[in-house]
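Below are the chains, spelled out letter by letter.
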Amino acid sequence: MYIIMAQRRKQDSSNGTNEYNPNFIVYRKMESVIQRMQDEKNGVPVRTVKSFMSKVPSVFTGADLVQWFIKNLDIEQTEALHLGSLVSAHGYFFPITDHVLTLKDDNTFYRFQTPYFWPSNHWEPENTDYAVYLCKRTMQNKSRLELADYEAENLARLQRMFSRKWEFIFMQAEAQAKVDKKRDKMERKVLDSQERAFWDVHRPVPGCVNTTEMDIKKACRLNKPLKTKKQMAYNVPGGRISPSVSESDLRTPIEELQSQIESYKRRLDRRKYKLSKIADLLITSCQQYAEYDALITAPEPSNPWISDDTTLWDLSKTMSLRDVPIWRVKRWGFSLEELLMDSLGREQFGKFLAKEFSDENLRFWLAGGELRSTSLSQVPEKVQEIYDEYLAPGAHSPINIDCKVLESIKENMQDPGRYTFDPAMEHIFQLMKSDSYYRYLRSDQYKELLNPKKKVNHAANFAPFHVFTNSQH
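Here goes a summary of the coordinates provided. A quick note: this is a predicted structure, and the numbers were derived from the prediction, not measured.

1. Details of a nonpolar patch on the surface
Residues Tyr 273, Leu 275 and Ile 278 make up a contiguous nonpolar surface patch of about 330 Å² in total accessible area. As for its placement among the helices and strands, Ile 278 is situated in helix α11 (residues 275-289). By relative accessible area, Ile 278 is classed as partly exposed at 41%.

2. Regarding the packing of helix α5 (residues 127-139) against helix α6 (residues 149-161)
Closest axis-to-axis distance for the α5/α6 pair is 10 Å, and the angle between their directions is 120°. With respect to α6, the element α5 is oriented oblique. In this structure, α5 meets α6 at a crossing whose hand is left-handed. When α5 is examined against α6, the residues Asn 127, Tyr 130, Ala 131, Leu 134, Cys 135, Arg 137 and Thr 138 are found in contact with a partner set consisting of Tyr 150, Glu 151, Asn 154, Leu 155, Leu 158 and Met 161. In the contact of α5 with α6, the residues fall into 8 nonpolar, 3 polar and 2 charged.

3. Let's talk about the side chain of Arg 363
Tracing the chain through its elements places Arg 363 in helix α17 (residues 359-372). Look at Arg 363 and you get buried, because its relative accessible area is 15%. Within the structure, Arg 363 has its side chain in polar contact with the side chain of Asp 359 (distance 3.1 Å). Engagement of the side chain of Arg 363 in a polar contact is seen with the side chain of Tyr 390, the distance being 3.5 Å.

4. Description of helix α4 (residues 77-89)
Here α4 contains 13 residues, and its C-alpha end-to-end distance of 18 Å stays within 8% of the 18 Å for a straight helix at 1.5 Å per residue. Phi for Gly 91, located one or two positions after α4, is positive at around 90°.

5. Focus on unusual backbone geometry
Note that the residue after Glu 300, namely Pro 301, is joined by a cis bond; omega there is 5°. Within the secondary structure, Pro 301 sits in the loop between α11 and α12 (304-307). With a phi close to 55°, Ser 58 is a non-glycine residue in the positive phi region. Checked against the element boundaries, Ser 58 lands in strand β2 (residues 55-61). Exposure remark for Ser 58: the relative accessible area of 36% places this residue in the partly exposed category. Phi at Asp 74 is positive, roughly 55°, even though this residue is not glycine.

6. Observations concerning the pattern of salt bridges
According to the stated counting rule, one finds 17 salt bridges in the structure shown. One salt bridge connects Asp 64 with Arg 47, and the closest N-O pair in it is separated by 3.4 Å. Highlighted residues: Asp 64 in helix α3 (residues 62-73) and Arg 47 in strand β1 (residues 47-50), separated in sequence by 17 residues. Asp 180 is paired through a salt bridge with Arg 183; the nearest N and O atoms lie 2.5 Å apart. By relative accessible area, Arg 183 is classed as partly exposed at 32%.

Cut-offs used in this document
- Residues numbered from 1 in each chain as written.
- Predicted model: local features only at pLDDT ≥ 70, side-chain atom pairs only at ≥ 80, totals over all residues.
- Heavy atoms only, no water.
- Patch = residues over 30% accessible without salt bridge, like charges linked within 9 Å, V, L, I, M, F, W, Y side chains within 5 Å.
- Areas by Shrake-Rupley, 256 points an atom, 1.4 Å probe, with all protein chains shown as cover.
- Salt bridge = Lys/Arg side-chain N within 4 Å of Asp/Glu carboxyl O.
- Helix = DSSP H or I, 4+ residues; strand = E, 2+ residues; numbered from the N terminus.
- Buried < 20%, exposed > 50% of the residue type's maximum accessible area, 1.4 Å probe, protein only.
- Axes fitted to C-alpha atoms, helices over the stretch in contact; angles between N-to-C directions.
- Parallel < 35°, antiparallel > 145°, perpendicular 65-115°, else oblique.
- Left-handed = near helix turned anticlockwise from the far one by under 90°.
- Contact = heavy atoms within 4.5 Å.
- Nonpolar A, V, L, I, M, F, W, Y, C, P; charged D, E, K, R; others polar.
- Polar contact = N/O pair within 3.5 Å; in protein donor to acceptor, adjacent residues only side chain to side chain.
- Expected span 1.5 Å × (residues − 1).

Below you can see the structure in the form of C-alpha cells.
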C-alpha cells in the first residue's frame with residue numbers, strides 16, 4: 001500500500017507540487033526544529049523504558065520535551081505547550097497510547113515519527129488505503145491495535161462504499177499482516193505506532209483539527225485543484241474521507257467556476273414546475289376570485305364606483321347575520337387569511353373556537369396584531385398584559401406553544417417591542433390553519449351561514465362573542 005502511495009508522491013514531486021504547496025515553508029521550519037530535537041548530544045533524551053513484562057522502545061516524556069523547548073527556544077511553558085501541540089498535530093511526534101495529537105507536560109510517553117511519514121512528503125492517502133489499514137488492524141490480535149469507536153464506524157462506511165472490491169482490499173490487508181509478522185517484535189511495535197499516528201493525522205479523531213486540509217484561499221492563489229462536491233460527500237465522524245479520485249480527474253478553480261456557470265444557465269432554462277401545472281393553478285385561482293372581480297363579474301346590486309349606490313360596501317361591512325351576503329361567506333372558505341380579514345368572519349370563527357374551548361388562540365393572535373399598531377410609549381405595558389394573560393405561569397388563558405417558542409418570547413421580553421410575540425403568533429396561526437380552520441368549514445355553523453333558508457332561523461342560536469374586535473391581521 002505504501003509503495004503505491006510513495007509512487008504517487010514521487011510523481012507529484014516530479015511535477016514540482018511540493019515547492020509550491022502553501023504549507024511547505026511551515027513544514028521545513030518544523031522539521032528543522034525536529035532535527036535539533038533528535039540531535040544525540042543536545043536533543044531530547046530518547047530511551048527505552050522497561051516495564052514489568054515488556055519494553056517500550058524509543059520514547060521520551062512530554063515533560064522532557066517542554067523543558068527542551070524552554071531551554072533551547074527561550075520561550076515560556078505556555079508557549080512551549082502550544083508549539084509542541086502544533087508540531088504534534090502535524091504528525092512529527094505522537095503519544096504512544098492516545099489518538100489525540102497534543103503535548104502534555106507530564107510523564108506521557110511520546111515517539112518521533114519516521115521522516116518517511118512527514119507531511120512535507122505530501123502524502124494524500126485515498127479511501128482504499130485507509131480501508132486496507134483498518135482491515136489489517138482487525139486481523140491483529142493485539143489489545144493496543146483494537147479499533148476505536150470512530151474507526152469502527154469508518155470501517156463500516158468504507159465497507160459499504162467499496163462493497164464491489166472489498167475482497168481485493170481484504171486480500172491486500174491480509175498480505176500486509178503476514179509481512180508485519182515476519183518483522184522483529186520491537187521493530188513491529190514501533191512501526192505499528194508510527195503507522196497509527198500517520199492515520200491520526202490524515203483521519204483525525206472527531207473534534208480534532210485536520211492539519212492536512214489546505215486553506216481554500218491559498219489553493220485559489222496557487223491555482224490548485226479544489227475539492228469538488230463529490231469529494232466532500234463522504235464525511236464521517238472520524239474526519240475527512242476523500243474518495244478515490246486522482247488529480248487528473250480534478251479541475252482548476254477557473255474550470256470549476258465555468259462549470260458552475262453553465263450549470264446555473266441550464267437551471268434557468270429548466271422549470272421547477274411543469275407549465276401545465278402552473279397554468280392549472282392560475283386558472284383555478286382566477287375562477288375562484290372571478291365572482292369578486294368587478295371587471296369580470298358585474299357586482300350585485302350595483303357597482304358603487306359607477307352608480308354611486310353604496311349598498312355593496314354596506315354589505316361588505318355589515319355585522320348582521322341576517323344581511324350578510326352569501327358571496328362574502330363563501331370567501332371565508334378560500335383560506336384562513338380571508339376569514340380573519342373579515343370582521344364578521346373573525347367573530348363567527350371566534351364563536352366556533354369558544355365552543356371548542358380554544359378561543360384563547362384567536363384572542364392571543366388578535367392581541368398580537370393590535371400590539372403592532374400600538375404607540376411606542378404604550379408597547380411595554382401592552383406586552384406585559386399579553387404575557388400575563390396568555391404566557392405567564394398560571395395565566396388566565398394559557399395558549400399551547402412549545403418550550404422553544406416560549407424561550408424565544410422570554411428573550412424578546414428583555415427588550416419588549418411591537419414584534420415581541422411574533423414567534424408565538426406564527427405558531428398559533430399555523431395551529432389554527434392546520435386544525436381549527438378546517439373543522440370550522442365542516443361545522444354546521446358555517447354550513448348554515450351558506451344556506452340562506454336556514455341562516456335567518458338559526459342566526460340567533462349563537463351566543464354573542466364579546467371578546468373580539470375588528471382588528472385586522
